[in-house]
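Summary of the model geometry
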Amino acid sequence: MWYSWWDSFWAKPRGGEVNHGLLAGPALSMNINSSFSISSQLLYGRFDDWTLERRYISTYENLGNTTLPRDEDGVADVERLDSDTTFSYYVSRKFKVFLGFKYFAVRSELRMNYFLPIEIPPSISITTSGSIDIDSVYYAMGPGFGIGYTIPLTNRLYLSLLSSCITMPYGKFMREVTDNNNGYVFSYNIPIALYGANVTASLSYYSEHFRTTFVAGIRYQYLIIRTYRDYDGIDSNAYKLHTVSHNRLDDHFYGLTFAAMYYF
């Protein structure tokens, strides 16, 4: 399990603060021989009651492209899934290299309330307050690679250090927005790609009586989210891969890890 704090790429643009929650799930590891092993882990968690609040400038075409401030606040419920499968080769008893495959998914349900914080004359026909529902799904997958080093502290206690690079070039972002004032619904999906790094430090203790290794540690995962956008409207099928620099889409996920692995 992973008790974590999440500085989220999707929440920051809407004024969301760091949230925390628990990811938990099964893990399985198998030694093929003295040099090779394969392991897999699936973690799932919920981050409910995520408070969002922001002010931004909205452009109104029916007012001659006039810009007006608009305040938004809302609460989101978020689900997150992390799946990692790795194939390891032990160069020595202490040092290993590994290749892996990662799948990452996020689903959020958000109700946003909005209003204009300024007085609008009755003669101007614009909506000054209301709410919208935003349902979003992000997912990405791809390979990774890394290294690990284990330091024996006693005959049953070990310190392990892991570092890996994450590449998930195959992904999609899907969103459906419903305006509760007029029932207007629109949706879209765009390709995305995620890249980043993962660092873990942990202490492992093997109990011979229970035939179980107990593990406690810390883990930090950093991701950069890149998105395909329509390229200046020249061709609806032409996409350009770029990092959004004015509103950088990066994701910080860090916290405490705990595990118990039983040996058959």
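Look up: the structure comes first, before these words.
Here is a short report on the structure shown in this document. (Residues numbered from 1 in each chain as written. Predicted model: local features only at pLDDT ≥ 70, side-chain atom pairs only at ≥ 80, totals over all residues. Heavy atoms only, no water.)

Topic: the overall build of the protein chain
What the protein chain contains, in helices and strands, is zero helices and 12 strands. Helices (α) and strands (β) of the protein chain occur, in sequence order from the N terminus, as β-β-β-β-β-β-β-β-β-β-β-β. Expressed as a percentage of its 264 residues, the buried residues of the protein chain come to 37%. Sequence-distant contacts in the protein chain: of pairs separated by 6 or more residues, those separated by 24 or more amount to 66%. When the accessible area of the protein chain is evaluated, it comes to approximately 15200 Å², of which 57% is carbon and sulfur surface. (Helix = DSSP H or I, 4+ residues; strand = E, 2+ residues; numbered from the N terminus. Buried < 20%, exposed > 50% of the residue type's maximum accessible area, 1.4 Å probe, protein only. Contact = heavy atoms within 4.5 Å. Areas by Shrake-Rupley, 256 points an atom, 1.4 Å probe, with all protein chains shown as cover.)

Some details on the pairing of strand β1 (residues 2-7)
Side chains Trp2, Ser4 and Trp6 of β1 all project onto a buried face; the interleaved residues Tyr3, Trp5 and Asp7 project onto a face where none is buried. Judged from the five bridges that link them, β1 and strand β2 (residues 19-24) form a sheet pairing that is antiparallel. Bridge assignment links tryptophan 2 to a residue of β2, and that residue is leucine 23. Pairing between β1 and strand β12 (residues 250-262): six bridges, direction antiparallel. (Pairing = 2+ DSSP bridges.)

What about the packing of aromatic side chains?
For the structure shown, the criterion picks out 14 aromatic pairs. When the centroid spacing of 5.4 Å and the interplanar angle of 65 degrees are considered together, the rings of tryptophan 6 and tryptophan 50 count as edge-to-face. Of the two residues, tryptophan 6 sits in strand β1 while tryptophan 50 sits in strand β4 (residues 36-60), which places them 44 residues apart along the sequence. Using a relative accessible area of 0% as the deciding quantity, one classes tryptophan 6 as buried. Through pairs of rings, three or more aromatic residues link up here, namely Trp2, Trp6, Phe47, Trp50 and Phe253. A cation sits over an aromatic face here: arginine 80 above tryptophan 6, 4.8 Å from the ring centre. Arginine 80 extends its terminal NZ or CZ atom over the ring of phenylalanine 253, reaching a point 3.7 Å from the ring centre. (Phe/Tyr/Trp six-rings, centres within 6.5 Å; stacked < 30°, edge-to-face > 60°. Lys NZ or Arg CZ within 6 Å of the ring centre and 35° of its normal.)

Some thoughts on the pattern of salt bridges
Tallying each qualifying case throughout the model produces 12 salt bridges. Note that arginine 219 and aspartate 84 form a salt bridge whose closest N and O atoms lie 3.8 Å from each other. On the criterion of sequence distance, the pair formed by arginine 219 in strand β10 (residues 212-230) and aspartate 84 in strand β5 (residues 66-90) is long-range, its members being 135 residues apart. The class for aspartate 84 is buried, based on a relative accessible area of 19%. (Salt bridge = Lys/Arg side-chain N within 4 Å of Asp/Glu carboxyl O.)

A closer look at the environment of arginine 54
Inspection of the secondary structure puts arginine 54 in strand β4. Arginine 54 sits in the partly exposed class, given a relative accessible area of 22%. Separated by 40 residues in the primary sequence, arginine 54 and arginine 14 have C-alpha atoms spaced 5.8 Å apart.

Structural notes on the nonpolar core
Residues Trp6, Trp10, Trp50, Leu52, Val78 and Leu194 are the most contacted members of the largest nonpolar core, which totals 32 residues. Listed by contribution, the elements that provide at least two residues to this core are β1, β4, β5, β6 (95-115), β7 (129-152), β8 (157-179), β9 (185-207) and β10. The dominant element in this core, judged by the number of residues it contributes, is β6, at five residues. Apart from residues lying up to four places away in sequence, leucine 194 is in contact with Phe104, Ala140, Ile166, Thr167, Met168, Pro169, Leu223, Ile224 and Ile225. Tyr60, Leu68, Ile120 and Ile126 belong to the second largest nonpolar core, which has five residues in total. (Core = buried A, V, L, I, M, F, W, Y, C linked by side-chain atoms within 4.5 Å.)

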